[in-house]
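Spelled out, the chains give:
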Amino acid sequence: MFPFPFTQSTHTEVSAIPKMFHFTLKLGLHLVNPILKCFKFLLMNTEVFIHPTAVIDAGAQVGAGTRIWHFCHVMPEAIIGERCNLGQNVFIDNGVIIGNGVKIQNNVSVYNGVVVEDDAFLGPSVVFTNVINPRSFMERKSEFKQTRVGSGATLGANATIVCGVQIGAYALVGAGAVVTKNVKPFALVYGNPARQRGWVSKAGHRLVFDPSGKSTCPGDGSTYVLKDEIVEQTL
């Protein structure tokens, strides 16, 4: 069902709040509604945390262990995996798929057509797009381009990802970068437009390759090989 492999075990589909909870207290609906929003998740999946100010539309799927914080909005056709963390003021559009263990920092809008694979990190105020040439007076929803963020990749704060690009697994995109083309797995890119400046390990440390094309991560000792401008982890 999913376009990339991540373990799907416990997803909660939001449904209408049972009629028994549709009551009007003397305190007023403006006080009751936040409580009801909590109930509709807590009654179905006690492992999911939804802040009372968040809006989770009926039909959205949220995996066990996920935490959704202040003022977030998740649309009805969004899929969010397990053990994710959505910071304040995050928007997840219809058609978006978020894998397991993804961290999305404050003020990120993830638009229709974006796929975020397991364990990716989206820094504060990362920007996604889904139309390459938008006009306010022209409808182009049929032209949405898919953007994919690979497993374990990191997008730094305020990075802009132009639609249609693929960010490779464990790549690291520097803060403020404007990504206009595909990024290779384990690549380090930054600048405007973003250009590749080197390679990083799975742990996020910079890799320096010897003449034979081998490198060891200074952080965890894992080893890598560079061949034909492609990096692979060997141990």
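If you're wondering where the values come from, they're calculated on a predicted model, not measured in any experiment.

Colleague: Explain the overall build of the protein here, please?
Modeller: A count of helices and strands for the protein gives 1 helix and 27 strands. Burial status across the protein gives 44% buried among its 235 residues. Surface accessibility of the protein: about 12,100 Å² in total, with carbon and sulfur atoms responsible for 55%.

Colleague: Looking at this structure, I do not really get the pattern of salt bridges. What am I missing?
Modeller: Between side chains of opposite charge, a pair can form as their charged atoms come close. In this structure the tally under the stated criterion is 3 salt bridges. Its salt-bridge partner being Arg 140, residue Glu 143 comes within 3.9 Å of it at the nearest N-O pair. For Arg 140, a relative accessible area of 15% gives the class buried.

Colleague: It is not clear to me how the confidence of the model for the protein should be interpreted in this structure. Could you clarify?
Modeller: Low pLDDT means the predicted atomic positions in that stretch should not be read closely. Residues at a pLDDT of 70 or more form 80% of the protein, whose mean pLDDT is 87. Taken as a whole, residues 1-9 scores under 50 in pLDDT and shows 26 contacts with residues more than four places along the chain or in a different chain. Predicted confidence is poor over residues 16-27, with pLDDT under 50, and the contacts of this stretch with residues over four places away or in other chains come to 11 contacts.

Colleague: Would you take a moment to explain the sheet that holds strand E23 (residues 195-200) for this structure?
Modeller: Ordered in space as E2-E5-E8-E11-E14-E17-E20-E22-E23-E24, the 10 strands form an open sheet in which the pairing is mixed. The open sheet terminates on both sides in strands that have one partner only, identified here as strand E2 (49-50) and strand E24 (206-207). As paired elements, strand E8 (residues 85-86) and strand E11 (residues 103-104) share 2 bridges and run parallel to each other. Residue pairing for E11: Leu 86 is matched across the bridge by Ile 104.

Colleague: Got a minute to help me understand the pairing of E23 in this structure?
Modeller: Consecutive side chains along a regular strand alternate between the two faces of the sheet. As paired elements, strand E22 (residues 187-190) and E23 share 4 bridges and run antiparallel to each other. When the sheet's bridge partners are listed, Ala 187 is paired in E23 with Trp 199. Following E22, the chain reverses through 4 residues before pairing antiparallel with E23; Gly 191 in that reversal takes a positive phi of roughly 105°. With 2 bridges joining them, E23 and E24 adopt antiparallel strand pairing. Paired with Trp 199 across the bridge in E24 is Leu 207.

Colleague: Where do I start with the nonpolar core in this structure?
Modeller: Soluble globular proteins tend to pack their nonpolar side chains together in the buried interior. In this structure, Ile 68, Leu 86, Ile 92, Ile 104, Val 110, Phe 128 and Ile 167 are the most contacted members of the largest nonpolar core, which totals 49 residues. Secondary-structure elements contributing two or more residues to this core are strand E13 (114-116) and E22. If we ignore the near neighbours within four places in the chain, the residues touching Ile 68 are Phe 49, Ile 50, His 51, Ala 54, Ile 56, Val 62, Val 74, Ile 80 and Leu 86.

Colleague: For this particular structure, what's the right way to read the pairing of E22?
Modeller: Sheet analysis places strand E20 (residues 172-173) next to E22, joined by 2 bridges and oriented parallel. Bridge pairing in E22 links Val 173 to Val 189.

Colleague: Can you help me understand unusual backbone geometry in this one?
Modeller: The phi angle of most residues is negative, glycine excepted, and most peptide bonds adopt the trans form. Pro 193 follows Asn 192 through a cis peptide bond whose omega is -5°. Of note, Pro 193 is situated in the loop between E22 and E23. Phi at Phe 71 is positive, roughly 60°, even though this residue is not glycine.

Colleague: Quick question: what am I supposed to make of the environment of Val 208 here?
Modeller: Considering the arrangement of structural elements, one finds Val 208 in the loop between E24 and strand E25 (214-216). Overall, Val 208 belongs to the exposed group, its relative accessible area being 68%. Sequence separation of Val 208 and Tyr 224 is 16 residues, and the distance between their C-alpha atoms is 9.8 Å.

Colleague: I keep staring at the side chain of Ser 215 and nothing clicks. Help me out?
Modeller: Tracing the chain through its elements places Ser 215 in strand E25. The contacts of Ser 215, once residues within four sequence positions are left out, are Leu 207, Val 208, Phe 209, Ser 222, Thr 223 and Tyr 224.

Conventions and cut-offs
Residues numbered from 1 in each chain as written. Predicted model: local features only at pLDDT ≥ 70, side-chain atom pairs only at ≥ 80, totals over all residues. Heavy atoms only, no water. Helix = DSSP H or I, 4+ residues; strand = E, 2+ residues; numbered from the N terminus. Buried < 20%, exposed > 50% of the residue type's maximum accessible area, 1.4 Å probe, protein only. Areas by Shrake-Rupley, 256 points an atom, 1.4 Å probe, with all protein chains shown as cover. Salt bridge = Lys/Arg side-chain N within 4 Å of Asp/Glu carboxyl O. pLDDT = per-residue confidence, 0-100. Contact = heavy atoms within 4.5 Å. Pairing = 2+ DSSP bridges. Core = buried A, V, L, I, M, F, W, Y, C linked by side-chain atoms within 4.5 Å.

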